[in-house]
Amino acid sequence: MGLFDSIFRPKKDKEAQQALQSAEGFFRTFTGYRPVFTNWKGSIYESELVRAAIEARARHISKLKVDIRGTARPDLQAKLRLGPNQWQTWSQFLARTSTILDVNNTAFIVPVMDEYLVTTGFYTVLPSRCEVVEYKGEPWLRYTFSSGQRAAVELRRCAIMTKYQYDDDFFGSSNAPLDETMQLIHIQNQGIEESAKNSATYRFSARVSNFSTADDLSRERLRFSAENLSADAKSGGILLFPNTYSDIKQLTYSPYTPDADQMRMIRENVADYFGVNDKVMRNEATGDDLDAFFNGAIEVFAIQFSEVMTKAAFTERERALGSEFLATANRLQYMTTSAKVSMAQQLGDRGALLIDEIRELFNYPPLPDGSGQKAPIRGEYSYSTQTEGDDGNAE
């Protein structure tokens, strides 16, 4: 049984599945657009620079910690603590979801169900086409994959993450605005390649005298090439010109290559589009730079991921009672070592941080005996017992 059959198992309601395979009734939207998603064919992920920007985001997003809160579905919570499904860890799942979202501006997370249609996990799929169709008054997502296989899942059971959502009520727009930058990257790479090829070649022009016919000139051209340029030539790499040649000139070829300003503009265009910078892509960002990156990129993903997963996994009643997905990150890890030490001293001494919380700042594990669940307060500090209206004087 393949991955497709493992995720989209044959449903009990075969009649519904068969009807959805050929359903033509699209779910009606406000905008009037047919709710159809298709993979963008721009192949931006094949560009080294774009892939580096996307991978930088995915690396940091993969470090998010996924928690499930509330009392609903304890069986599902127990399974998801180990991973979102039987094939991936949470870090792998988050990295792939982030990559798909950046490449397509839409990411589909579908439930993995058992034979009783009970959700046991989640998986991010990459369809070539997805449509919102209507069946018995309920919207369904009908997926078509590049292999030709098709499957349908109720919209309420799926999580859809989007970017640049404007035209469509369900799906994000394409990365077409990046086309011009991608063309510049292609021209830049071509120019560098052609420059490398032509740097190893030698071209010249010469005027040849004392040849009365075109046939004589042709024979001379063949003779010169055979003696100097063929694989069997014994010239030792030195071109020897007879005295019948005059006005000998070397021909130079200067292919177009973008200058430093243009190359910087290309990098900045890609960085701006994906919300990263050179420091983040090269793992050189620390402190405030990483904190800004968290605020502008990681936290945005974490909030949307938490919300769409909560809606997909729990019913409205379960959500009202407090059951939810929550993707979080320890933002203090972005601080420099000196800033961490200062925080530990200033807040730890005053009882604002527990011992285990201080250890976590430096990637140390909690104390095994549970003694880390208390605050280390210096002798000159103590918990105040002063109540409202008390002047602080003791008898």
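Residues numbered from 1 in each chain as written. Predicted model: local features only at pLDDT ≥ 70, side-chain atom pairs only at ≥ 80, totals over all residues. Heavy atoms only, no water.

Asks: Help me understand the side chain of Gln 77, please; the structure alone is not making it clear to me.
Replies: For Gln 77, the location among the structural elements is in helix H4 (residues 74-80). Look at Gln 77 and you get buried, because its relative accessible area is 8%. Within polar-contact distance, the side chain of Gln 77 engages the backbone oxygen of Gly 70 at 3.0 Å. Apart from the residues within four sequence positions on either side, Gln 77 is in contact with Ile 68, Arg 69, Gly 70, Thr 71 and Ala 72. (Helix = DSSP H or I, 4+ residues; strand = E, 2+ residues; numbered from the N terminus. Buried < 20%, exposed > 50% of the residue type's maximum accessible area, 1.4 Å probe, protein only. Polar contact = N/O pair within 3.5 Å; in protein donor to acceptor, adjacent residues only side chain to side chain. Contact = heavy atoms within 4.5 Å.)

Asks: Explain the pattern of salt bridges here, please?
Replies: Side chains that carry opposite charge are capable of pairing whenever their charged atoms lie near each other. Evaluated as defined, the whole model comprises twelve salt bridges. With a shortest N-O distance of 3.1 Å, Asp 75 and Arg 73 are connected by a salt bridge. Among the residues examined, Asp 75 registers a relative accessible area of 38% and is labelled partly exposed. Across the pair Lys 279 and Asp 289 runs a salt bridge, and its minimum N-O distance is 3.3 Å. (Salt bridge = Lys/Arg side-chain N within 4 Å of Asp/Glu carboxyl O.)

Asks: Would you mind showing me how to read the side chain of Arg 157 here?
Replies: If you trace the backbone, Arg 157 turns up in the loop between strand E7 (150-154) and strand E8 (159-162). One buried charged residue, Arg 157, remains without a salt bridge, the closest side chain of opposite sign being Glu 154 at 4.3 Å. Among residues more than four places away in sequence, those in contact with Arg 157 are Pro 111, Met 113, Leu 117, Val 118, Thr 119, Phe 122 and Ala 312. (Lys, Arg positive; Asp, Glu negative; His and termini not counted.)

Asks: What am I meant to see in a nonpolar patch on the surface here?
Replies: The grouping of Leu 184, Ile 187 and Met 265 at the surface amounts to a nonpolar patch, some 230 Å² of accessible area in total. By secondary structure assignment, the location of Met 265 is in helix H8 (residues 260-274). (Patch = residues over 30% accessible without salt bridge, like charges linked within 9 Å, V, L, I, M, F, W, Y side chains within 5 Å. Areas by Shrake-Rupley, 256 points an atom, 1.4 Å probe, with all protein chains shown as cover.)

Asks: Can you walk me through the packing of aromatic side chains in this structure?
Replies: For any pair of aromatic rings, geometry is given as the distance between the ring centres together with the angle between the planes. Counted under the stated rule, the structure contains 16 aromatic pairs. Where Tyr 135 meets Trp 140, the ring centres are 6.2 Å apart and the plane angle is 90 degrees; that geometry is what we call edge-to-face. Pairing Phe 170 with Phe 171 gives two aromatic rings, centres 6.2 Å apart and planes at 45 degrees, and the pair type is tilted. For Phe 171, a relative accessible area of 1% puts it in the buried group. Within the aromatic cluster, the residues linked to one another by ring pairs are Phe 8, Phe 108, Tyr 143, Phe 145, Phe 170 and Phe 171. (Phe/Tyr/Trp six-rings, centres within 6.5 Å; stacked < 30°, edge-to-face > 60°.)

Asks: Could you clarify how one ought to interpret the state of the cysteines in this entry?
Replies: Between two cysteines, a covalent bond joining their sulfur atoms is known as a disulfide. Summed over all chains, the structure comprises zero disulfides. Free cysteine Cys 130: the closest other cysteine sulfur is in Cys 158, separated by 7.9 Å. (Disulfide = S-S within 2.5 Å.)

Asks: How should I be thinking about the packing of helix H3 (residues 48-61) against H8 in this particular structure?
Replies: Two quantities define a packed helix pair, namely the angle between the helix axes and the distance between the axes. The interhelical angle for the contact between H3 and H8, taken along N-to-C directions, is 35 degrees, at an axis separation of 10 Å. Considering only the axes of H3 and H8, their crossing is right-handed. Residue-level inspection shows Leu 49, Val 50, Ala 53, Ile 54 and Arg 57 of H3 in contact with H8, the latter providing Ile 266, Arg 267, Val 270 and Phe 274. Residue composition of the contact of H3 with H8, grouped by class: seven nonpolar, no polar and two charged. (Axes fitted to C-alpha atoms, helices over the stretch in contact; angles between N-to-C directions. Left-handed = near helix turned anticlockwise from the far one by under 90°. Nonpolar A, V, L, I, M, F, W, Y, C, P; charged D, E, K, R; others polar.)

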